[in-house]
Amino acid sequence: MRSFAGKTVLVTGGTAGIGLAVCELFSSLGASVACMARHRSEKFFSVCADVSDEQSVRRATAEVAEKFGGIDVLVCNAGFGISGSAECTAAEDVLRLFEVNFLGVHNAVRAALPYMRGRGGHIITVSSVAALLPIPYQSYYSASKAAVSSFSAALKNEVAPFGVKVCAVLPGDVKTGFTSARKKNADDGVYAPRAERAVSAMERDEQGGMPPQAVARAVARQAARKNPPVQVVVGAKYKLFALLAKLLPRRLVNYILGRLY
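Anyway, here's the lowdown on the structure attached to this text.

Definitions and limits used
Residues numbered from 1 in each chain as written. Predicted model: local features only at pLDDT ≥ 70, side-chain atom pairs only at ≥ 80, totals over all residues. Heavy atoms only, no water. Helix = DSSP H or I, 4+ residues; strand = E, 2+ residues; numbered from the N terminus. Expected span 1.5 Å × (residues − 1). Buried < 20%, exposed > 50% of the residue type's maximum accessible area, 1.4 Å probe, protein only. Pairing = 2+ DSSP bridges. Axes fitted to C-alpha atoms, helices over the stretch in contact; angles between N-to-C directions. Phe/Tyr/Trp six-rings, centres within 6.5 Å; stacked < 30°, edge-to-face > 60°. Lys NZ or Arg CZ within 6 Å of the ring centre and 35° of its normal. Salt bridge = Lys/Arg side-chain N within 4 Å of Asp/Glu carboxyl O. Contact = heavy atoms within 4.5 Å. Parallel < 35°, antiparallel > 145°, perpendicular 65-115°, else oblique. Left-handed = near helix turned anticlockwise from the far one by under 90°. Nonpolar A, V, L, I, M, F, W, Y, C, P; charged D, E, K, R; others polar.

So, about helix H4 (residues 103–116). Taking 1.5 Å of rise per residue, the 14 residues of H4 would be expected to cover 20 Å, and the 19 Å separating its terminal C-alpha atoms lies within 8% of that figure. Within H4, burial applies to Gly104, Val105, Asn107, Ala108, Val109, Ala111, Ala112, Leu113 and Met116. The first or second residue beyond H4 is glycine 118, which carries a positive phi of 95°.

In structure tokens:
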């Protein structure tokens, strides 16, 4: 894998899971790594910000750019999940999810682009295979990641004239603390048995999933490419699932997902 010596990489949500693995890999490849999170990292240069707070993200990004002389790679990784039926999920929970998972990307991109235009660089957003294969009882998480993927595709064309490349990385199941951190909404008796089975199946898949280092390698590979694709799925079986989702009738794909979960 190519060296990133002399490059500055800013990672949101870099204190655990995929984000931490991304920070560690870029650091091993010679990059100056900055971690943006609500809590400071003990391993890397750290700036505190809640990605849903636009002003704090702007201040933190400016601090990174001032210290390192610019930003070459932005990795938008911060996010969390909620589960439960759509009917039993409160609007404030949905709003918080989108504030972090989607608006967090928006805020980081807006803050970083002034330091990236003209010097090139890459913006890598961490989406999910759930953006392509929406999972029942995880509908809002799937929707938030679909929004990230669509945003990334449109952004790619907007910033291309300025030499900035954009790619959405879509991991399948990854074994991290994301599973235990998921907010589980209480479902009433109508949905509870099905919701519990679906969430249990999701959690088994996640805890048997790929290590976060596999996603970090995918992120670094795209950040090294002169012309990365619009999006890349991580994990061989998930690439197959994504291909089948394109080839099979949408109704059949949704039916299969309903049977699985």
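Here the focus is the sheet that holds strand E7 (residues 164–171). Spatial ordering of the open sheet is given by E3-E2-E1-E4-E6-E7-E9, a layout of seven strands whose pairing is parallel. Pairing within the sheet leaves two strands with one partner each, and these edge strands are strand E3 (45–48) and strand E9 (231–234). Sheet twist, expressed as the mean angle between neighbouring strand axes with direction ignored, is 20°. The sheet contact formed by strand E1 (residues 8–12) and strand E2 (residues 32–37) spans five bridges and is parallel. By the bridge assignment for E2, threonine 8 is matched with serine 32.

When we look at a pair of aromatic rings, we describe it by the centre distance and by the angle of the planes. Taken as a whole, this structure holds four aromatic pairs when the rule is applied. Summarising the aromatic geometry, the rings of tyrosine 238 and phenylalanine 241 are spaced 5.9 Å apart at their centres and angled 85° between planes, so their arrangement reads as edge-to-face. A residue pair is termed a helical-turn pair when its members lie 3 or 4 positions apart in one helix, as tyrosine 238 and phenylalanine 241 do in helix H9 (residues 236–247) at three residues. Judged by relative accessible area, phenylalanine 241 falls into the partly exposed class, the value being 36%. It is arginine 2 that lies over the ring of phenylalanine 4; its NZ or CZ is 4.4 Å from the centre.

Next up on the list: the pattern of salt bridges. Between side chains of opposite charge, pairing is possible as soon as their charged atoms come close. Counted under the stated rule, the structure contains seven salt bridges. The closest approach of N and O atoms between lysine 43 and glutamate 24, which form a salt bridge, is 2.7 Å. Of this pair, lysine 43 sits in the loop between E2 and E3 while glutamate 24 sits in helix H1 (residues 17–28), and the two are 19 residues apart along the sequence. Taking relative accessible area as the criterion, lysine 43 reaches 54% and is therefore assigned exposed. Classification of glutamate 24 by relative accessible area gives partly exposed; the value is 29%. For the salt bridge of arginine 96 with glutamate 99, the shortest nitrogen-to-oxygen distance reads 3.6 Å.

Let us look at helix H8 (residues 212–224). A rise of 1.5 Å per residue sets the reference length of H8, with its 13 residues, at 18 Å; its end C-alpha atoms lie 19 Å apart and thus fit the reference within 8%. Residues Pro212, Ala214, Val215, Ala216, Ala218, Val219, Ala220, Gln222 and Ala223 constitute the buried set of H8. Tucked inside the fold, the buried residues of H8 contact H1, strand E4 (73–76), strand E6 (121–126), E7 and E9.

Time to look at the environment of alanine 160. Mapped onto the secondary structure, alanine 160 falls in the loop between helix H5 (139–159) and E7. Here the alpha-carbon distance between alanine 160 and arginine 117, two residues 43 residues apart in the chain, equals 9.6 Å.

Orientation of H4 relative to H5, taken along the N-to-C sense of each, is 20°, at an axis distance of 11 Å. Taken as axis vectors, H4 and H5 run roughly parallel relative to one another. Classified by chirality, the crossing of H5 by H4 is right-handed. Contacts between H4 and H5 pair Val105, His106, Val109 and Leu113 from the former with Val148, Phe151, Leu155 and Val159 from the latter. The residue inventory of the contact of H4 with H5, partitioned by class, reads seven nonpolar, one polar and no charged.

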